[in-house]
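# Structural characterization, general
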Amino acid sequence: MRTKIKQCLLILCLFLFLFVVIGGGLHLNPGGALIAAATGTPLLVYAFNRRSASGFVEPDMCASRQADRAMCRNAKGDTNEVGALEVENIARR
């Protein structure tokens, strides 16, 4: 519950920050600043979430890519790396 309130308040602060900075920096009237802040806030939240989530997704995807490469090498006859990657994947789990 506290985390949700904290996130909502941070989004509200971001909205107010954008309202003041964009409105003052671009010399917009209050209506234009409101529209700019209202459209900029979700965009920045989306971009930040996407950037912060990419660090968590990529390592798992890289491990599966390595396992795929190892399986291709195994089909060609090189079995030493396959065993090492399988042990590494099991150890990670």
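Residues numbered from 1 in each chain as written. Predicted model: local features only at pLDDT ≥ 70, side-chain atom pairs only at ≥ 80, totals over all residues. Heavy atoms only, no water.

### Some remarks on the overall build of the chain
- A count of helices and strands for the chain gives three helices and zero strands.
- Scored against the burial criterion, the 93 residues of the chain give a buried share of 12%.
- Taking all contacts inside the chain whose residues are at least 6 apart in sequence as the whole, residues at least 24 apart take part in 29%.
- Accessible surface for the chain amounts to roughly 7,600 Å². Of this, 66% is attributable to carbon and sulfur atoms. (Helix = DSSP H or I, 4+ residues; strand = E, 2+ residues; numbered from the N terminus. Buried < 20%, exposed > 50% of the residue type's maximum accessible area, 1.4 Å probe, protein only. Contact = heavy atoms within 4.5 Å. Areas by Shrake-Rupley, 256 points an atom, 1.4 Å probe, with all protein chains shown as cover.)

### Some details on unusual backbone geometry
- One non-glycine residue, His-27, lies in positive phi territory at about 55 degrees.
- Tracing the chain through its elements places His-27 in the loop between helix H1 (2-25) and helix H2 (30-76).
- Looking at His-27, the relative accessible area reads 71%, which means it is exposed.

### Some details on the layout of surface pockets
- If you add up the space inside the largest pocket, you get close to 180 Å³.
- The wall of the largest pocket is formed by Gln-7, Ile-11, Leu-14, Leu-44, Val-45, Phe-48 and Asn-49.
- Mapped onto the lining of the largest pocket, the elements with two or more residues apiece are H1 and H2.
- Considering each element in turn, the lining of the largest pocket owes the most residues, four residues, to H2.
- Each residue belonging to the lining of the largest pocket can be placed in one class, and the counts come to five nonpolar, two polar and no charged. (1 Å grid on protein atoms, 1.4 Å probe; cavity = no way out; pocket = protein on both sides within 12 Å on 5 of 7 lines; lining within 4 Å. Points joined across faces, edges and corners; volume = space filled by probe spheres on them. Nonpolar A, V, L, I, M, F, W, Y, C, P; charged D, E, K, R; others polar.)

### What about a nonpolar patch on the surface?
- A surface patch of nonpolar side chains, amounting to about 540 Å² of accessible area, comprises Met-1, Ile-5, Leu-9, Leu-12 and Leu-16.
- Along the chain, Leu-12 turns up in helix H1. (Patch = residues over 30% accessible without salt bridge, like charges linked within 9 Å, V, L, I, M, F, W, Y side chains within 5 Å. Salt bridge = Lys/Arg side-chain N within 4 Å of Asp/Glu carboxyl O.)

### Considerations on the packing of aromatic side chains
- Per the counting criterion, the structure on display carries one aromatic pair.
- A centroid spacing of 6.4 Å and a plane angle of 25 degrees characterise the contact between Phe-15 and Phe-19, whose relative ring orientation is stacked. Taken as a pair, Phe-15 and Phe-19 lie in helix H1 at a separation of four residues, close to a single helical turn.
- Note on Phe-15: relative accessible area 21%, which makes it partly exposed. (Phe/Tyr/Trp six-rings, centres within 6.5 Å; stacked < 30°, edge-to-face > 60°.)

### Digging into the confidence of the model for the chain
- For the chain, per-residue confidence averages 76 on the pLDDT scale, and 57% of positions sit at 70 or higher.
- For the chain, per-element mean pLDDT is lowest for helix H3 (residues 80-92), which scores 57, and highest for H1, which scores 91. (pLDDT = per-residue confidence, 0-100.)

### Description of the environment of Ile-35
- Here Ile-35 lies in helix H2.
- Ile-35 sits 16 residues away from Phe-19 along the chain, and the two C-alpha atoms are 8.6 Å apart.

### Let's talk about the side chain of Thr-41
- Looking at the secondary structure, you find Thr-41 in helix H2.
- Judged by its relative accessible area of 7%, Thr-41 falls in the buried class.
- Separated by 2.7 Å, the side chain of Thr-41 and the backbone oxygen of Ala-37 make a polar contact.
- Those residues within four positions of Thr-41 in sequence are excluded, and the remaining contacts are Ile-11, Leu-14, Phe-15 and Leu-18. (Polar contact = N/O pair within 3.5 Å; in protein donor to acceptor, adjacent residues only side chain to side chain.)

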